[in-house]
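Close look at the chain arrangement
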Amino acid sequence: MPIPARCLKILIILLGLLGGQVPVVSATPQPLSEGWEYRWGDLPFNKDGKPDWSVAQQPEQWHATDIPSNPPGRNGADQVWFRVTLPAGDWQNPALYILSVDLIVQVWLDGENIYQYGTFDKDGRGKFEGWPWHSITLPEGYENKTLYFRVFSDYTDIGLWGEVSLMERSELILHVLQNSLEALLVAGFSLLVALFALIFSVLQNDRKTFSSIGLFALASSVMLLAESQAALLVVSDALLWNYLAAGSYYLLPVALWLMLEQWLEDRQPRVIKLIWTLHLAYAVAALGLSLAGFLALSSTFPAFDVLLLLSLLMMGAITVPRFGSMTAEQKVLVLACGVFSALLVIDMGVAHGFLPWVKVPVSLGLLLFTLAVVIISLRHYAMTQRALQELTVTLEQQVAERTEKAETLLQREQARASLLAFENEKSQIFAEVIAELQACASLDLAFQFLTEAMPKLCNPLKGMMYRRTSSGGYERLAHWGYGGELPELEPVVDALDNIPGPVRLTAGSLGEGGPACRAYKGLVCFSINVEFMSHGAAPESLLLLEAGSISNSGRTEDGAARLMSSINLVAERIGVTLSGISLKEELHRFSYEDALTGLKNRRYFDQLLEHEATVALRKGAPLSLLLLDVDHFKRFNDTHGHEAGDAALKAFASVLGTRFRGSDVVCRYGGEEFVVILPDSDIEGARERAEQLREAVRNKPVVFEGKNLGSLTLSIGVASWPASTDEPQKLLKLADEMLYKAKTGGRDKVEVCPER
């Protein structure tokens, strides 16, 4: 969704919250405040990239903690695991909400990584990527299971920070907006004050004072906006918001000292200028070095916090003795700045773990300062009200117009919410349909199930479903929504010309929804295409729905178009699932394995090569073949015995299994000969794969019964279509010739068939 559209959506929801037209969260979030345990250091990981849970299950490894943040005994450690048992709850679609994490995190449940923020290297470490809030979707059956958190942080703090709660996923955005509402309102109000202060700095004589006040209000409001949880709903780049928050935070003392410089013009001007210049230099240096990659942004906060604390103490030492000589307006502003600074110091203590976590109302301090500026400004510039009355009337008219537009958009949003609820209900049914389809062993069983499932899935939309017959026509399998009547369309259609053309929609082409709803005989046709190994994709089934029922369910033109897009995606997903069933049926003929190595055998290879050659010719995609021979394998058998030879072949087969793509096919051709089919791989790619395999085998010793028997070497022949031949069926012969050339040329080498 474009950023302006996101902002408008959030504005509508906020207006609804303020006006009481959007309900608050119906189910109270459940905080996870008990039962936390931690262990310092990383868990060992197996070769599959998963933690060794046998170590994690040892009770002596874990220690209880009140909160999952900064547990005792860190001693310079930068890796920690937390765990907690998830309670049961009445959630339809549960999600775990975390306010922040220092610094990167993985979440594991039932041995599976269900969430990750940040990138972990091989040592379990990573770099700072921002402080966003986190929403972790929990799978079904999560109740009373242990949730594990893997955390890395080279920052002063480590662990989960702030609120950690279970809640309904559908209500998460409202929860975030409710938490951000106060900060957003204060930030917006302060931005308005900053704007007026900057305007006055241009129009009035006292420019420096207004400029410093405007800078303070602007920096504070940007900091509140960037640190609010709702910011990520507009732009999801957490690091961008952290840079905005850091820049505005680092400029706060600059603005404070500039204001103080204006109020104490005859008192220590050089010292004050030196201090705000130092703060400005730190802000530029910290942000510049972070953007250049020399420093992590997170590492600049502790040093600045120390500098800010010292700066505030110096400010107090300078201001307090001269407080009595200030004007009433200056006193009010100094007190407001003092309250705001005190809240910043408390928030700083919470952020660094010196104080227990609590939501510090920094926005209220800014609101107090902003109100003070507003009151003083109203007092000083009451005479300008007469000139502003006309502007006020204009602004009120604009606000009324925008409010009316907002109400219209809110009504449209409510209609969209209703459509979303409808789609959510159908998505649950659809997930069950797909699960049942995937369990079907054949297309006939799959369509038998779809005949029963489609009426429930499509209700209340009227429609029918057809399947392609052996003669090329289409036969109706089911119809629904017509009561006792029959559809106008015949039960058997001999040609596609008698059926509306398939509708193909994407999320970006919703404008096609109107014309599609005026289709042939009021029907909209969605094609369910199935991929067959023998003859490619074909419209195996057709889903026809009444255009009127789509329009009624969508309520609006945009809603109808969105609904059609969703239906088209459903048809495509069903087609993909049916394609999998079809391919499994056809691939069953090729499922032959070599008993020793577990690889496919020669019979499988012979049939599959013919198939891949046909596919390559049809698609015009390259096809390569590697023919491998283990050098001097008879000598190896004679020297070490046949059992050792079998072990060597198994080890070699395991290397083959890790060196090729999932689309590549490795077969044992016979004895010590192996063959690899590389679809969509040209001759250079095949040569590179062959050389990598040869080197890998040379560097992997054969170990049998604890004894190192040395390593094997390979001779490899490579041929590729269309580079080596104009007939892909000749690839095996050409690869065999290249293999013979490699063996007679000294073995342990790769020979590639020259290009035509």
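The structure reproduced in this document is the subject of the present report. (Residues numbered from 1 in each chain as written. Predicted model: local features only at pLDDT ≥ 70, side-chain atom pairs only at ≥ 80, totals over all residues. Heavy atoms only, no water.)

Comments concerning the environment of A187
This is how the line gets drawn: By definition, any uninterrupted DSSP run of H or I lasting at least four residues is a helix, any uninterrupted run of E lasting at least two residues is a strand, and each is numbered from the N terminus. Think of it in three bands: with a 1.4 Å probe and only protein chains considered, a residue is buried below 20% of the maximum accessible area for its type, exposed above 50%, and partly exposed in between. Working rule for contacts: check all heavy atoms of both residues, and any pair within 4.5 Å makes them a contact.
Here A187 shows up in helix α3 (residues 172-203). Taking the relative accessible area as the measure of exposure, A187 reaches 3% and is therefore buried. Put simply, A187 and S363 are 176 residues apart on the chain and 7.7 Å apart in space, counted from C-alpha to C-alpha. If we skip the residues at most four places from it in the chain, A187 touches S221, L224 and L225.

Structural notes on empty space enclosed by the protein
Definition in use: Cavity and pocket criteria rest on a 1 Å grid covering protein atoms alone: a 1.4 Å probe that fits but cannot get out defines a cavity, protein on both sides within 12 Å along at least 5 of 7 lines defines an open pocket, and an atom within 4 Å of a point defines a lining residue. Grid points are joined across faces, edges and corners, and a volume is the space filled by probe spheres set on the points. Each residue is assigned to one of three groups, with Ala, Val, Leu, Ile, Met, Phe, Trp, Tyr, Cys and Pro labelled nonpolar, Asp, Glu, Lys and Arg labelled charged, and all others, Gly among them, labelled polar.
Summed over all chains, the structure comprises one cavity of 30 Å³ or more. What the largest cavity holds in volume is close to 70 Å³. A648, A651, F652, V655, V697, K700, P701, V702 and L712 are the residues that line the largest cavity. The set of elements that each furnish at least two residues to the lining of the largest cavity consists of α18 (642-658) and β19 (701-704). The biggest single contributor to the lining of the largest cavity is α18, with four residues. Its residues placed into classes, the lining of the largest cavity shows eight nonpolar, no polar and one charged.

Some points on the nonpolar core
Going by this rule: Nine residue types can take part in a nonpolar core, namely buried Ala, Val, Leu, Ile, Met, Phe, Trp, Tyr and Cys, and a core is a set of them joined through side-chain atoms within 4.5 Å.
Within the largest apolar cluster, 52 residues are counted, with the highest numbers of intra-cluster contacts made by F216, Y249, Y250, L252, W257, F340 and F369. Elements represented by at least two residues in this core include exactly α3, α4 (207-227), α6 (238-263), α7 (269-292), α8 (300-319), α9 (328-351) and α10 (362-380). For this core, the element with the most residues is α6, which contributes 12 residues. Excluding residues within four positions of it along the chain, W257 makes contact with I272, I275, W276, H279, S311, M314, M315 and I318. F149, L160, V164 and A231 belong to the second-largest nonpolar core, a separate cluster that totals 44 residues.

Describing the packing of aromatic side chains
Where we set the bar: Only centres within 6.5 Å qualify two rings of Phe, Tyr or Trp (six-membered ring in Trp) as a pair; their planes then separate them into stacked at under 30 degrees, edge-to-face at over 60, and tilted for everything else. A ring has a charge above it when a Lys NZ or an Arg CZ is no more than 6 Å from the ring centre and no more than 35 degrees off the ring normal.
Inspection of the entire model under this criterion finds 22 aromatic pairs. Considering the side-chain rings of F45 and W108, the 6.3 Å spacing of their centres and the 65 degrees angle between planes classify their relative orientation as edge-to-face. Of this pair, F45 sits in the loop between β2 (37-40) and α2 (53-56) while W108 sits in strand β6 (residues 104-109), placing them 63 residues apart in sequence. F45 sits in the partly exposed class, given a relative accessible area of 30%. Ring pairing ties together the aromatic residues F128, W131, Y155, Y249, Y250, Y282, F301 and F304, which thus form one cluster. Taking NZ or CZ as reference, K600 lies 5.1 Å from the ring centre of Y604, over its face.

Some remarks on unusual backbone geometry
Look at the link from D102 to L103: it is a cis peptide, with omega at -5 degrees. A cis amide bond, omega 10 degrees, links W721 with the succeeding residue P722. Within the element layout of this structure, P722 appears in the loop between β21 (714-721) and α20 (731-744). Even without a glycine there, the phi angle at N75 is positive, about 50 degrees. Following the sequence through the fold, N75 ends up in the loop between β3 (63-64) and β4 (79-85).

Considerations on the pattern of salt bridges
Filter applied, for reference: Salt bridges are defined as contacts in which a side-chain nitrogen from Lys or Arg sits within 4 Å of a carboxyl oxygen from Asp or Glu.
If you walk through the whole model with that rule in mind, you get 22 salt bridges. Among the salt bridges present, the one from R694 reaches E691, with a minimum N-O distance of 3.1 Å. With a gap of three residues between them, R694 and E691 both fall in helix α19 (residues 683-698), about one helical turn apart. By relative accessible area, R694 is classed as buried at 11%. With a closest N to O distance of 3.2 Å, R694 and D748 form a salt bridge. Of this pair, R694 sits in helix α19 while D748 is found in the loop between α20 and β22 (749-752), placing the two residues 54 residues apart along the sequence. Overlapping salt bridges, with partners in common, bring together E691, R694, E695, R698 and D748 in one network.

Details of a nonpolar patch on the surface
Defined as follows: Patch construction takes residues with relative accessible area above 30% that form no salt bridge. Like charges are linked within 9 Å, and nonpolar side chains (Val, Leu, Ile, Met, Phe, Trp, Tyr) are linked within 5 Å. Method for areas: the Shrake-Rupley scheme with a 1.4 Å probe, in which residue coverage is limited to the protein chains shown.
Together, L192, L195, F196, I199, V202 and L203 make up an exposed nonpolar region whose accessible area comes to about 560 Å². Looking at the element boundaries, F196 is found in helix α3.

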